[in-house]
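# Fold and contact review
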Amino acid sequence: MKKVRVRFAPSPTGSLHIGGARTALFNWLFARKKNGAFILRLEDTDLERNLQEAEEGIMASLRWLGLDWDEGPDKGGPYGPYRQSERLAVYRREAERLLRAGLAYHCYCSPEELARQREEARKKGVVPRYDGRCRELEEEKRAQLEKAGIRPALRIKAPREGATVVKDLIRGEVTFENKTLDDFVIMKSNGVPTYNFACVVDDSLMEISHVIRAEEHLSNTPKQIIIYKLLGYPLPSFAHVPMILAPDRSKLSKRHGATAVEEFRTDGYLPEALVNYLALLGWSPGDEREKMRLEEIISLFSLEEVSKHAAIYDIKKLTWLNAQYLNDLPLERVVNDAIPFFQARGYIGEVDPQTCTYVTKVVAAIRSRVHTLAEMAEAAEYFFKDNFPYDEKGVRKYFSTVQAADLLSRGREILARTEPFDLPTVEAAYRQLIEELGISGGALIHPTRLAVSGKTMGPGLFDILVVLGKEECLKRMERAIDYIKKRTAGLASPPVRP
RNA sequence: GGCCCCAUGGUCAAGCGGCCUAAGACACCGCCCUUUCACGGCGGUAACCCGGGUUCGAAUCCCGGUGGGGUCACCA
């Protein structure tokens, strides 16, 4: 059995979006499952659209997702180079072969002229196809054009009859009538190959066994198969994975919110969650499993089980999965990923051991209550700042009477006396006070929560108290007591008659 | 428009001729747990695009329609 070799071949024109990420993931899963090689190749033959940052950005996203490659532009490999812009000599050599064998020919038609013809055809409602006028150009005429300094493009002599069949692992056999194809360009007049040509040459020379790519390439495949045949290279297997659509069924774009992997990272999603979600878009393990470890996905994955229809991506499910991982991943790991988010909000600076210990407690207290790291950072604010405002509704409910201040004073006294300041001791002391006062637990717990956090909801009160520590709690209780006193004093003044 | 692909709840999806009066998950709605909010647990609403065949029997096979998507460059 031939060794499985697959590739992900993005063009560095922008950031890696989730459609590309999923294509990369499926390739990677297949390679790992089959003990094959996963290759990264940059299709940077469009000199105009290449972006310097894009190449590094795509690799960074891939790395963040945990999709490592065995050969690629940064690490080399036996089939390099892996950047198409560095392989121009290879394409020229292969093109020359075709030309000499009479399987391709020079075309001197100007792009403007061709565009005009296309436009005309479109107006007439006819399919715009190159008419092959340069196919049988007389040598004399050719020399003349050459002498005039016209740089020709190279076109393939495509078959006019018969059909080309794509054997697709996901879709079965797809037939294209050759008469619907034309003599397409394989080398531009500037000596740079077109996508279809470079792709076939590289896939052949790099001995790619399975071409797994997005469905948008399905209609390119007959052209590529024609090139394979003319070049005399064996065909790889093909698998065209369905597209990912936006919620309105249109192609994903920036107006649909986050679509780039990088954006998901900065929005506080974990790579495990994104990978898991992407794997579930268009593929299913066949049973009820949803949350799966990467190893599990690898062992279960199969191309035959990839669905045929496009999937609409739903951020709600991704968010749910993210919350699952936030809860289930080892605490240290989550803390590690949360730290940059806390730093960005100015909660902490350089991380020393004490900070780390404190942050770990904070994360442990709130991670089950949030869905993303960004949300977590927002929810954690009062653990790092003591000048927070009090929730308005909460104030009306718990801070509107003089008695509320007395109640908090009693609570403050108890907390001041509690030693050690740990969960069982603090809780026992507070519960005892509740009993002494003959009130319900909530009657003391809610005002206290508002006093120390400014919020009416959140982790268990005693967890908050213990994380904050005694000194901080006492300070915050005093601040709340002052606040209530000022507030109620205002209320106590005689009402003004109109 | 030509060519190509696709079609199970709002979304992801199981199903590959009888086990389907159609799983599961997200979302949504109840209830329980609880000092609050989450987490968790339990339950509920909700789907085989339409029309013809084939078959004893069709969500599953075939044909047509409709709908959605992709693609038609010296872009990738």
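Note: the structure precedes this text.
What comes next is a walk through the structure. (Residues numbered from 1 in each chain as written. Chains lettered and ligands numbered in written order. Predicted model: local features only at pLDDT ≥ 70, side-chain atom pairs only at ≥ 80, totals over all residues. Heavy atoms only, no water.)

## Side note on the overall build of chain A
Defined as follows: Under the scheme used here, helices are H or I runs from DSSP no shorter than 4 residues and strands are E runs no shorter than 2 residues, and both carry numbers assigned from the N terminus. Every radius of gyration here is taken over C-alpha atoms, with the globule rule written as 2.2 Å times N^0.38, N being the number of residues. A simple rule labels every residue: compare its accessible area, found with a 1.4 Å probe on the protein chains alone, to the largest value its type can have, and call it buried under 20%, exposed over 50%, or partly exposed in between. Here, residues are in contact when the closest pair of their heavy atoms is within 4.5 Å. Only the protein chains shown count as cover for residues, and the accessible areas themselves come from Shrake-Rupley with a 1.4 Å probe.
A tally of regular secondary structure across chain A gives 20 helices and eleven strands. Taking 23 Å as the expected radius of gyration for a compact globule of 498 residues, we find that chain A reaches 33 Å, considerably beyond that expectation. Dimensions of chain A along its principal axes, counting C-alpha atoms only, are 110 × 65 × 40 Å. Classification of the 498 residues of chain A by burial places 49% in the buried group. Taking all contacts inside chain A whose residues are at least 6 apart in sequence as the whole, residues at least 24 apart take part in 75%. For chain A, the computed accessible surface area is about 24,800 Å², with 51% contributed by carbon and sulfur atoms.

## Thoughts on the side chain of Glu55
Along the chain, the position of Glu55 falls in helix α2 (residues 52-65). The class for Glu55 is buried, based on a relative accessible area of 18%. Those residues in contact with Glu55 that sit more than four places away from it in its chain are Pro12, Leu42 and Arg83.

## Comments concerning the layout of surface pockets
The line we're drawing: A 1.4 Å probe that fits but cannot get out identifies a cavity on a 1 Å grid over protein atoms alone, an open set with protein on both sides within 12 Å along at least five of seven lines counts as a pocket, and a residue lines either if it has an atom within 4 Å of a point. Grid points are joined across faces, edges and corners, and a volume is the space filled by probe spheres set on the points.
Volume-wise, the largest pocket comes out at about 1,300 Å³. Lining the largest pocket are 39 residues; nearest its centre among them are Ser11, Thr13, His17, Glu216 and His217. Every element with two or more residues in the lining of the largest pocket is listed here: β1 (5-8), α1 (18-33) and β8 (210-214). Tallying contributions element by element places α1 first for the lining of the largest pocket, with four residues.

## With respect to the nonpolar core
Buried together is how nonpolar side chains tend to be arranged in soluble globular proteins. Put simply, the rule is: The set of buried Ala, Val, Leu, Ile, Met, Phe, Trp, Tyr and Cys residues whose side-chain atoms join them within 4.5 Å is what this entry labels a nonpolar core.
Core analysis: the biggest nonpolar cluster contains 111 residues, and Phe342, Met376, Phe383 and Phe399 have the highest contact counts within it. Sort the elements by how many residues they give to this core and α1 lands first, with nine residues. Not counting residues within four places of it along the chain, the set of residues in contact with Phe383 comprises Tyr358, Val362, Ile366, Ile464, Val467 and Leu468. Core analysis: the second largest hydrophobic core is formed by 31 residues, Ala37, Met206, Val211 and Ile227 among them.

## Considering the protein's contact with RNA strand B
Formally: One heavy atom within 4 Å of a molecule or strand is enough for the residue carrying it to be called near that molecule or strand. Classification convention: Asp, Glu, Lys, Arg as charged; Ala, Val, Leu, Ile, Met, Phe, Trp, Tyr, Cys, Pro as nonpolar; all other residues, Gly among them, as polar.
In the vicinity of RNA strand B lie 61 residues, with Asp46, Arg171, Lys188, Arg249 and Arg369 positioned nearest. At the level of elements, α4 (111-124), β4 (153-156), β6 (172-177), β11 (311-312), α11 (315-328), α18 (441-453) and α19 (461-468) are the ones that each hand at least two residues to the surface near RNA strand B. At four residues, α11 tops the list of elements feeding residues into the surface near RNA strand B. Of the residues in the surface near RNA strand B, the class split is 22 nonpolar, 19 polar and 20 charged.

## Some thoughts on α18
Owing to its 3.6 residues per turn, the α-helix brings residues three or four apart onto one side. Just so we agree on the cut-off: Given the number of residues in a helix, its expected span is that number minus one, multiplied by 1.5 Å.
Taking 1.5 Å of rise per residue, 13 residues should cover 18 Å, and α18 covers 18 Å from first to last C-alpha, within 8% of that figure. Remark: Gly454 follows α18 within two positions and exhibits a positive phi of approximately 80°.

## A look at the sheet that holds strand β3 (residues 104-107)
Selection rule: Strands qualify as paired when DSSP identifies two bridges or more between them. Every axis in this analysis is a line fitted to C-alpha atoms, fitted for helices over the stretch in contact. Angles between the N-to-C directions lie between 0 and 180 degrees.
Pairing is antiparallel in the open sheet, where three strands are placed in the order β3-β4-β7. At either margin of the open sheet sits one strand with a lone partner, and together these are β3 and β7 (185-187). Taking each pair of neighbouring strands and ignoring which way they run, the sheet shows an average axis angle of 45°. With four bridges connecting them, β3 and β4 associate as antiparallel partners. Bridge pairing in β4 links His106 to Leu154.

## As for the packing of helix α3 (residues 88-100) against helix α6 (residues 195-205)
The description of two packed helices rests on the angle between their axes and on the distance between the axes. Note the following rule: Note on angle classes: values under 35 degrees are labelled roughly parallel, values over 145 roughly antiparallel, values of 65 to 115 roughly perpendicular, and the remainder oblique.
In the contact formed by α3 and α6, the axes pass within 10 Å of each other and the chain directions differ by 100°. When the interaxial angle is binned, α3 and α6 end up roughly perpendicular. Residues Val90, Tyr91, Arg93, Glu94, Ala95 and Leu98 of α3 form the contact with α6, whose participating residues are Phe197, Ala198, Val201, Asp202 and Leu205.

## Some details on the pattern of salt bridges
Oppositely charged side chains can form a pair if their charged atoms are brought close together. Note the following rule: Here a salt bridge means any side-chain nitrogen of Lys or Arg lying within 4 Å of a carboxyl oxygen belonging to Asp or Glu.
Taken as a whole and assessed by the stated rule, the structure comprises 41 salt bridges. For the salt bridge of Arg333 with Glu272, the shortest nitrogen-to-oxygen distance reads 2.3 Å. One end of the pair, Arg333, is in helix α12 (residues 331-344); the other, Glu272, is in helix α9 (residues 271-280), with 61 residues separating them in the sequence. Taking the relative accessible area as the measure of exposure, Glu272 reaches 26% and is therefore partly exposed. Salt bridges sharing partners connect three or more residues here, namely Arg7, Arg41, Glu43, Arg87, Asp202 and Asp203.

## Quick word on the packing of aromatic side chains
Going by this rule: Ring pairs shown here join Phe, Tyr and Trp side chains whose ring centres sit within 6.5 Å, with only the six-membered ring taken for Trp; geometry is labelled stacked below 30 degrees between planes, edge-to-face above 60, and tilted in between. Counting as a charge over the ring demands two things of the Lys NZ or Arg CZ atom: a distance within 6 Å of the ring centre and an angle within 35 degrees of the ring normal.
Within the structure shown, the criterion is met by 15 aromatic pairs. Pairing Phe342 with Tyr347 gives two aromatic rings, centres 5.8 Å apart and planes at 50°, and the pair type is tilted. Accessibility classification places Phe342 together with Tyr347 in one group, the buried group. Taking 4.6 Å as the distance between ring centres and 35° as the angle between the ring planes, the aromatic pair formed by Tyr382 and Phe383 counts as tilted. For the pair shown, Tyr382 and Phe383 are each scored as buried. Members of the aromatic cluster, each reached through a chain of ring pairs, are Phe342, Tyr347, Tyr358 and Phe384. The ring centre of Phe184 lies 5.6 Å from the NZ or CZ of Lys223, which sits over that ring. It is Arg479 that lies over the ring of Phe388; its NZ or CZ is 4.9 Å from the centre.

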